[in-house]
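Listed here are the chains, written in short residue letters.
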Amino acid sequence: MDLHARRADSFGAQAEAYAEHRPDYPVAAIRWALEPLGTSERLDVLDLAAGTGKLTAGLVAEGHRVTAVEPNEQMLSELVRRVHDVRALPGHAEHIPVPDHTVDAVFVGTAFHWFDQEKALPEIARVLRPGGVLAAMWIESDPNADWVTEFEQVSASSVESQRHNPTGIMSHPSFGPVEHETFPHTHRRDSPEAVIAWVNTHSRMLVVDDDERAAINHKMLAFLRERPETSNWPLDVPLRSDVFRMVRVSE
Ligand SMILES: C[S@@+](CC[C@H](N)C(=O)[O-])C[C@H]1O[C@@H](n2cnc3c(N)ncnc32)[C@H](O)[C@@H]1O
């Protein structure tokens, strides 16, 4: 298995920690993504690569009928345990187990970069109704918070972070232009250890060896103990959510 495939499949080994330590998504981001549908009615929404249900829970809380699709068995079991009122199905973005033109919106939370886009985009277009929306979302550190930017450097592993500007790769004849918006967000952490546990759920930490992970964890702890900005706990870590949306055009 190549590194990309190993990383894409790495999350299940830490599914419980993932569910416990990863941030959720801002409600404003979900609402902005759905704006082109022009309605506040209950929608049929697909959460693709749903993981343990971080974004799924937000979509259900907004009152939508949600189908969650996720290939990793451990992630999907965690989702089923934690999020109720959702139809949960095993499946990949390249072969979505949903009939043609049956969903109003497809959401992808922090996962679009793992897909084989040449196969996934036509699949997403197939399941969406004309006028439906594809929204690819990411949670990023707030670039205006100096300590967070420096902390990211301290927590870097030998495996690169995924960087996300999918505007080019998302363009496809079945969709209109890509629109982009960012939303402020925070992630409450009770202790430096809880920040470190969160960082350890990223694929760039999951695939490195134990010695490298221990060395990075040691550096992160020293940083968090030394910096004045991280001396009071609980702490709201400043984040932002990047959302890229586009509308399915009629054929
Ligand atoms: C970083 S997690 C994001 C999970 C969830 N959407 C969230 O926001 O917390 C990435 C997820 O993508 C899934 N994944 C990886 N490759 C995929 C593919 N080709 N199709 C669908 N899901 C995939 C992984 O199993 C993992 O659950």
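Remember, it's a predicted structure, so these values are computed and weren't measured experimentally.

Peer 1: So what exactly am I meant to see when it comes to the overall build of the protein chain here?
Peer 2: Along the protein chain, the regular secondary structure elements total 11 helices and 7 strands. Over its C-alpha trace the protein chain gives a radius of gyration of 18 Å, about what one expects of a compact globule, namely 18 Å for 251 residues. In terms of overall dimensions, the protein chain has C-alpha extents of about 55 × 35 × 35 Å along its principal axes. Burial statistics for the protein chain: of 251 residues in total, 51% are counted as buried. Long-range pairs, those at least 24 residues apart, make up 78% of the contacts in the protein chain between residues at least 6 apart in sequence. Roughly 12000 Å² of accessible area belongs to the protein chain as shown, and the carbon and sulfur atoms make up 49% of that amount.

Peer 1: Please clarify how the packing of helix α9 (residues 192-199) against helix α11 (residues 210-226) should be interpreted in this entry.
Peer 2: Each pair of packed helices can be described by the angle between their axes along with the distance between the axes. Closest axis-to-axis distance for the α9/α11 pair is 10 Å, and the angle between their directions is 140 degrees. One finds that α9 runs oblique with respect to α11. Read as a crossing pair, α9 and α11 show a hand that is right-handed. Side by side, α9 and α11 meet where Pro192, Glu193, Val195, Ile196 and Val199 of the first sit next to Asn217, Met220, Leu221, Leu224 and Arg225 of the second.

Peer 1: Help me out: how do you make sense of the sheet that holds strand β3 (residues 86-90) in this one?
Peer 2: The 7 strands lie next to each other as β3-β2-β1-β4-β5-β7-β6, forming an open sheet whose pairing is mixed. A single partner strand is all that each edge strand has here, and the edge strands are β3 and β6 (179-189). Between one strand and the next, the sheet's axes are offset by a mean angle of 25 degrees, whatever the strand orientation. Bridging between strand β1 (residues 44-48) and strand β4 (residues 103-109) involves 4 bridges; their strand directions are parallel. Opposite leucine 46, over in β4, you have valine 106 as the bridge partner.

Peer 1: Where do I start with the site of the ligand in this structure?
Peer 2: Not every one of the 21 residues close to the ligand is listed here, only the nearest: Tyr18, Tyr25, Ala49, Glu70 and Gly109. Note that an oxygen atom of the ligand is positioned 2.7 Å from one of the side-chain N or O atoms of glutamate 70. Against a free-state accessible area of 600 Å², the protein chains account for coverage of 96% of the ligand. Considered class by class, the residues forming the shell around the ligand number 12 nonpolar, 5 polar and 4 charged.

Peer 1: What's the story with the pattern of salt bridges in this structure? I'm lost.
Peer 2: A pair can form between side chains of opposite charge whenever their charged atoms are brought close. Per the stated rule, a full pass over the model turns up 17 salt bridges. Here glutamate 123 makes a salt bridge to arginine 126, at a shortest N to O gap of 2.8 Å. Here glutamate 123 pairs with arginine 126, and both are found in helix α6 (residues 117-127), just 3 residues apart, close to one helical turn. Given the relative accessible area of 13%, glutamate 123 is considered buried. On the basis of relative accessible area, arginine 126 is assigned to the partly exposed category, the value being 22%. A salt bridge links arginine 245 to glutamate 179; its shortest N-O distance comes to 3.0 Å. Linking arginine 245 in strand β7 (residues 235-247) with glutamate 179 in strand β6, this pair joins segments that are 66 residues apart in sequence. Judged by relative accessible area, which is 35%, glutamate 179 ranks as partly exposed. Connected through shared salt-bridge partners, Asp44, Arg65, Asp104 and Arg129 make up one network.

Peer 1: How should I be thinking about the environment of aspartate 116 in this particular structure?
Peer 2: Topologically, aspartate 116 is positioned in the loop between β4 and α6. Separated by 17 residues in sequence, aspartate 116 and proline 99 have C-alpha atoms that sit 20 Å apart.

Peer 1: Quick question: what am I supposed to make of the side chain of asparagine 200 here?
Peer 2: Mapped onto the secondary structure, asparagine 200 falls in the loop between α9 and α10 (203-206). Its relative accessible area of 13% is what places asparagine 200 among the buried residues. At 2.7 Å, the side chain of asparagine 200 and the backbone oxygen of isoleucine 196 are in polar contact. Beyond its immediate sequence surroundings of up to four residues, asparagine 200 is in contact with Met205, Leu206, Arg213, Asn217 and Met220.

Peer 1: I tried to follow the environment of phenylalanine 151 on my own but got confused; where do I start?
Peer 2: Secondary-structure assignment places phenylalanine 151 in helix α7 (residues 146-154). By relative accessible area, phenylalanine 151 is classed as buried at 6%. Between the C-alpha atoms of phenylalanine 151 and serine 141, which are 10 residues apart in sequence, the distance is 9.8 Å. Apart from the residues within four sequence positions on either side, phenylalanine 151 is in contact with Val195, Val199, Met220, Phe223 and Leu224.

Peer 1: Is there a simple way to think about the nonpolar core in this case?
Peer 2: Note that soluble globular proteins tend to have their nonpolar side chains buried in a common cluster. Of all hydrophobic cores here, the largest spans 35 residues; its most connected members are Phe107, Met137, Trp147, Phe151 and Val243. Residue assignment for this core shows that the elements contributing at least two residues are α3 (27-34), α4 (54-61), β4, β5 (128-141), α7, α9, α11 and β7. Here this core takes 5 residues from α3, the largest share from any one element. Within the second largest apolar cluster, 33 residues are counted, among which are Ala49, Phe112, Leu134 and Met170.

Thresholds, definitions, all that
- Residues numbered from 1 in each chain as written.
- Predicted model: local features only at pLDDT ≥ 70, side-chain atom pairs only at ≥ 80, totals over all residues.
- Heavy atoms only, no water.
- Helix = DSSP H or I, 4+ residues; strand = E, 2+ residues; numbered from the N terminus.
- Rg over C-alpha atoms; globule rule 2.2 N^0.38 Å.
- Buried < 20%, exposed > 50% of the residue type's maximum accessible area, 1.4 Å probe, protein only.
- Contact = heavy atoms within 4.5 Å.
- Areas by Shrake-Rupley, 256 points an atom, 1.4 Å probe, with all protein chains shown as cover.
- Axes fitted to C-alpha atoms, helices over the stretch in contact; angles between N-to-C directions.
- Parallel < 35°, antiparallel > 145°, perpendicular 65-115°, else oblique.
- Left-handed = near helix turned anticlockwise from the far one by under 90°.
- Pairing = 2+ DSSP bridges.
- Near = heavy atom within 4 Å.
- Polar contact = N/O pair within 3.5 Å; in protein donor to acceptor, adjacent residues only side chain to side chain.
- Nonpolar A, V, L, I, M, F, W, Y, C, P; charged D, E, K, R; others polar.
- Salt bridge = Lys/Arg side-chain N within 4 Å of Asp/Glu carboxyl O.
- Core = buried A, V, L, I, M, F, W, Y, C linked by side-chain atoms within 4.5 Å.

The analysis is restricted to geometry; functional conclusions fall outside its scope.
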